Amino acid sequence: QVQPVESGGGLVQAGGSLRLSCAASGRTFSSSAMGWFRQAPGKEREFVAAITWRGGSTYYADSVKGRFTISRDNAQNTGWLQMNSLKPEDTAVYYCAAGPPIATRRASEYRYWGQGTQVTVSS
C-alpha cells in the first residue's frame, strides 16, 4: 500500500513559483513510477508530469514543458513538482499518484492517489 499526501499548494500571482511535495508512506513507493495530475473546475483530470521509479526519466504535458520539473528522492519517500512561470490556466487541484511499474500519462494506470492540493494563480 502507498498513501501519497500532497502539500505546498496555495495562491500565487502569474509568473510566480510554487513547489508541491508528495510524501508517500509504504514500501512500494520507491519501486513505482510517480505522476502528477491536475483537475480544474468543470474539466477532466489531466496529466501533468511523470517520473520513473529511479528518477532517470521524466515526462511532461506540452502545456507545462519547460516550466515544471518533477523529481523524487526514494530515500525520503518523497516527490516534488517545481512549478515556475505559473499562468492563470495552471489553476487546479493537483494530485500526486503512484503505482505503475513504468511512468505513464494514463491516470487509470495509477493505483494510489493523494487527496490533492489547490493551486490558484491570479492574473
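The structure this text deals with has already been given above.
So, here is what we can say about the structure in this document. (Residues numbered from 1 in each chain as written. Predicted model: local features only at pLDDT ≥ 70, side-chain atom pairs only at ≥ 80, totals over all residues. Heavy atoms only, no water.)

**Digging into the sheet that holds strand β7 (residues 68-73)**
As summarised here, the arrangement of the 4 strands in space is β1-β3-β8-β7, forming an open sheet in which the pairing is antiparallel. Every interior strand has two partners, whereas the edge strands, β1 (3-7) and β7, have only one. Averaged over all pairs of adjacent strands, the angle between strand axes in this sheet comes to 15°, irrespective of strand direction. Pairing analysis gives 5 bridges linking β1 to strand β3 (residues 18-25), with the strands arranged antiparallel. Residue pairing in the sheet places Ser-7 in a bridge with Ser-21 of β3. (Pairing = 2+ DSSP bridges. Helix = DSSP H or I, 4+ residues; strand = E, 2+ residues; numbered from the N terminus. Axes fitted to C-alpha atoms, helices over the stretch in contact; angles between N-to-C directions.)

**Section: the packing of aromatic side chains**
All told, the structure shown has 5 aromatic pairs when counted by the stated rule. Ring centres of Phe-37 and Phe-47 lie 5.7 Å apart, and the angle between their planes is 75°; on these two criteria the pair is classed as edge-to-face. One end of the pair, Phe-37, is in strand β4 (residues 34-39); the other, Phe-47, is in strand β5 (residues 46-51), with 10 residues separating them in the sequence. Residue Phe-37 is classed as buried on the basis of its relative accessible area, which comes to 1%. Judged by its relative accessible area of 12%, Phe-47 is buried. The ring of Trp-113 carries the charged tip of Arg-45 above its face, separated from the ring centre by 4.7 Å. (Phe/Tyr/Trp six-rings, centres within 6.5 Å; stacked < 30°, edge-to-face > 60°. Buried < 20%, exposed > 50% of the residue type's maximum accessible area, 1.4 Å probe, protein only. Lys NZ or Arg CZ within 6 Å of the ring centre and 35° of its normal.)

**Quick word on the state of the cysteines**
Within this structure, the stated rule accounts for 1 disulfide. Residue pairing for Cys-22: its cysteine sulfur links by disulfide to Cys-96, the two sulfurs lying 2.0 Å apart. Between Cys-22 and Cys-96, the disulfide has an S-S torsion of -75° and is therefore left-handed. Here the residue Cys-22 occupies a position in strand β3, and Cys-96 occupies one in strand β9 (residues 92-98), the gap between them amounting to 74 residues. Of the two residues, Cys-22 and Cys-96, neither departs from the other in class, the shared state being buried. (Disulfide = S-S within 2.5 Å.)

**Here we look at the pairing of β3**
Pairing of β3 with strand β8 (residues 78-83) involves 6 bridges; the strand directions are antiparallel. Following the sheet pairing, Arg-19 is matched in β8 by Gln-82.

**Here's the deal with the nonpolar core**
By size, the foremost hydrophobic cluster in this structure holds 34 residues, and its most contacted members are Trp-36, Leu-81, Met-83 and Tyr-94. If we skip the residues at most four places from it in the chain, Tyr-94 touches Glu-6, Leu-20, Trp-36, Phe-37, Arg-38, Val-48, Phe-68, Leu-81, Met-83, Gly-116, Thr-117 and Val-119. (Core = buried A, V, L, I, M, F, W, Y, C linked by side-chain atoms within 4.5 Å. Contact = heavy atoms within 4.5 Å.)

**Looking at the pattern of salt bridges**
If the charged atoms of two oppositely charged side chains come close together, the side chains can form a pair. For the coordinates displayed, the defined rule picks out 4 salt bridges. Among the salt bridges present, the one from Glu-46 reaches Arg-38, with a minimum N-O distance of 2.6 Å. Classification of Glu-46 by relative accessible area gives partly exposed; the value is 35%. The shortest N-O distance in the salt bridge between Arg-38 and Asp-90 comes to 2.9 Å. Note that Arg-38 is positioned in strand β4 and Asp-90 in the loop between β8 and β9, a separation of 52 residues in sequence. (Salt bridge = Lys/Arg side-chain N within 4 Å of Asp/Glu carboxyl O.)

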